[in-house]
Amino acid sequence: MRILVCNTPAELDRRAAEMIADAVRSRRDAVVGLSTGRTTGDIHRAFVRLVRETGLDCSGVTFFGQDEVAGVPRAYAGACYTMLKNELVGPLGIPEERFLMLPTESDDFGRDCRAFMDELEKRGGVDFLFLGLGENGHLGFNQPGSPFGAGARLSVMYPELEERIRRETGTPADKPLGGVTMGLKDIMQARKLVLAAKGPSKAAIVKKMIEGPVTEDVPASVLQLHPDCTVLLDREAASQLAL
Ligand code: GLP
């Protein structure tokens, strides 16, 4: 793991955007994965600015999301599809055929997950995947206890997120919600990974992810085993590291 500590959140956003740009330049038809959340929204906006300033050519690139909220309409503001559309895909004018997402609703998530992974493979496999980090160590919707060997599948949310989404969408308690996600095995197969974490609420889990044992109790700890993984932190998220 390569650890980069940035002086400010804005510096982190700029460096992250440059890393996404490097991935775009690496192959004309690069396959570039993104994650949603509070951390990555500003990064996506910084990337859009970079593309506008430099004229970076994204016309052959496939962008995809590594996970999705399951059980809500795709147009819900908190669905990963809509977030990525608003933050990056829409502003850059990426057409639907080069924006791949897992479905929010399906009668067979297993089949749709296989089709999604097959399509990524058909396009040459994942060149680059940008990750966020959950406070409990989750990657995508791979919650603590997720097997390192698991592939893309329907999984569970963490309770705070589920509560917020139920409130925002008015979803009744008896309708199941979940998260559909690439598995840890799929994430580890990406050629290059970058994970970003910001702020004091991530400091303890960042320490566990980097300095703790590799264990399924901390899904993100598996990244210690990836041959090309960079962790981008601001000072607060890095504050508990023994650097
Ligand atoms: C959600 C998303 C993840 C994301 C994580 C971190 O669970 N499904 O893909 O990495 O949250 O989000 P935040 O940056 O808001 O802490």
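Further up the page is the structure itself.
Thresholds applied
Per chain, the residues get numbers from 1 upward, laid out in the order the sequence is written. The predicted origin of the model limits local features to residues at a pLDDT of at least 70 and limits the giving and counting of side-chain atom pairs to 80 or more, whereas totals for whole chains, interfaces and linings rest on all residues. Computation of side-chain values: all heavy atoms of the structure, hydrogens and water removed. In this description a helix means any DSSP run of H or I spanning at least four residues, a strand means any run of E spanning at least two, and both kinds are numbered starting from the N terminus. The size measure is the radius of gyration over C-alpha atoms, and the globule rule it meets is 2.2 Å times the number of residues to the 0.38 power. Whether a residue is buried, partly exposed or exposed follows from its accessible area with a 1.4 Å probe, protein chains only, as a fraction of its type maximum: under 20%, in between, or over 50%, in that order. The contact definition used throughout considers only heavy atoms, calling two residues in contact when any of these lie within 4.5 Å. Only the protein chains shown count as covering a residue, and every accessible area follows the Shrake-Rupley method with a 1.4 Å probe. This count recognises Lys and Arg as positive and Asp and Glu as negative, with His and chain-terminal groups excluded. Every charge is mapped onto a representative atom, which is NZ of Lys, CZ of Arg, CG of Asp or CD of Glu. In plain words, nonpolar cores are sets of buried Ala, Val, Leu, Ile, Met, Phe, Trp, Tyr and Cys residues tied together by side-chain atoms within 4.5 Å. The pairing criterion is simple: DSSP has to find at least two bridges between the two strands. Axis lines are fitted to C-alpha atoms, over the contacting stretch for helices. Their N-to-C directions set the angle, which ranges from 0 to 180 degrees. Arc, as used here, means the arc of the directions from the helix axis to the C-beta atoms. Helices are assigned an expected span. That span is 1.5 Å times one less than the residue count. By convention in these notes, a residue is near a molecule or strand provided one of its non-hydrogen atoms lies within 4 Å of it. Polar contact is the term for a pair of N or O atoms within 3.5 Å; when the atoms are in protein, one must be able to donate a hydrogen and the other to accept it, and sequence-neighboring residues count only if both atoms are side-chain atoms. By convention, a stacked pair of Phe, Tyr or Trp rings (six-membered ring in the case of Trp) has centres within 6.5 Å and planes under 30 degrees apart, an edge-to-face pair has planes over 60 apart, and any other such pair is tilted. Geometrically, a lysine NZ or arginine CZ counts as sitting over a ring once it is within 6 Å of the ring centre and also within 35 degrees of the ring normal.

A.B. asks: Teacher, can you tell me more about the overall build of the protein here?
C.D. replies: The helix and strand tally for the protein stands at 7 helices and 10 strands. The globule rule puts the C-alpha radius of gyration for 243 residues at 18 Å, and the 17 Å found for the protein is close to it. On the principal axes, the C-alpha backbone points of the protein span a range of 45 × 40 × 30 Å. Taking all 243 residues of the protein together, 56% fall into the buried category. Long-range pairs, those at least 24 residues apart, make up 77% of the contacts in the protein with a sequence separation of at least 6. When the accessible surface of the protein is totalled, it reaches about 10,500 Å², and 51% of it is carbon and sulfur. The average position of the 30 basic charges and that of the 34 acidic charges among the side chains of the protein differ by 3 Å.

A.B. asks: Would you take a moment to explain the nonpolar core for this structure?
C.D. replies: A general trend in soluble globular proteins is that nonpolar side chains are found buried together. Of all hydrophobic cores here, the largest spans 37 residues; its most connected members are Phe64, Leu129, Ile187, Leu195, Leu223 and Leu233. Secondary structure elements with two or more residues in this core: α4 (109-122), β6 (128-131), α6 (184-188), β9 (192-197), α7 (203-211) and β10 (229-234). The dominant element in this core, judged by the number of residues it contributes, is α4, at 5 residues. Here Leu129 is in contact with Gly33, Leu34, Phe64, Gln66, Met182, Ile187, Ala190, Lys192, Leu193 and Val194, once residues within four sequence places are set aside. In this structure, Cys6, Met101, Phe128 and Phe130 belong to the second largest nonpolar core, which totals 36 residues.

A.B. asks: So what exactly am I meant to see when it comes to the sheet that holds strand β7 (residues 153-155) here?
C.D. replies: Strands in a sheet are paired, the pairing made by backbone hydrogen bonds, and the direction either parallel or antiparallel. Pairing in this open sheet of 3 strands is antiparallel, and the strands run β4-β8-β7 from one edge to the other. Looking at the sheet topology across the chains shown, the edges are occupied by β4 (67-70) and β7. Here the strands of the sheet are splayed against their neighbours by 30 degrees on average, with no regard to which way each runs. Where β7 lies against strand β8 (residues 178-181), 3 bridges are found, and the strand directions are antiparallel. From the neighbouring strand, Ser155 faces β8, where its bridge partner is Gly179.

A.B. asks: I keep staring at helix α5 (residues 159-169) and nothing clicks. Help me out?
C.D. replies: Along α5, the residues classified as buried are Leu161, Ile165 and Arg166. Seen end-on, α5 carries its buried residues on one side only, within an arc spanning 130 degrees. The exposed residues of α5 that point more than 90 degrees off its buried face are Pro159, Glu160, Glu163 and Arg167. At its buried positions, α5 is contacted by β4.

A.B. asks: How do you make sense of α4 when you look at a structure like this?
C.D. replies: Residues three or four positions apart in an α-helix share a direction because the helix packs 3.6 residues into each turn. The end-to-end C-alpha separation of α4 is 20 Å, in line with the 20 Å expected for 14 residues at 1.5 Å each. Regarding α4, the residues found buried are Phe109, Asp112, Cys113, Phe116, Met117 and Leu120. Looking straight down α4, one finds that the buried residues subtend no more than 135 degrees of arc, so they occupy a single side. Exposed residues pointing more than 90 degrees away from the buried face of α4 are listed as Arg114, Asp118, Glu121 and Lys122.

A.B. asks: Mind showing me how you'd approach the site of the ligand here?
C.D. replies: Taken together, 13 residues form the shell around the ligand, and within it Arg38, Thr39, Asp67, His138 and Lys202 come nearest. For the ligand, an oxygen atom lies 2.4 Å from a polar atom in the side chain of Thr39. Contact with the protein chains removes 93% of the 390 Å² of surface that the ligand exposes when unbound.

A.B. asks: What am I meant to see in the packing of aromatic side chains here?
C.D. replies: Aromatic ring pairs are described here by two measures, namely the spacing of the ring centres and the angle between the planes. The full count for this structure, using the stated rule, is 4 aromatic pairs. A cation over a ring is seen here: Arg74 above Tyr81, with NZ or CZ 3.9 Å from the ring centre.

A.B. asks: What is the right way to look at the sheet that holds β9 in this model?
C.D. replies: Judged by pairing direction, the sheet is parallel, and its 7 strands sit side by side in the order β1-β10-β9-β6-β2-β3-β5 without closing on themselves. Where the open sheet ends on each side, the last strands, each with one partner, are β1 (2-6) and β5 (99-100).

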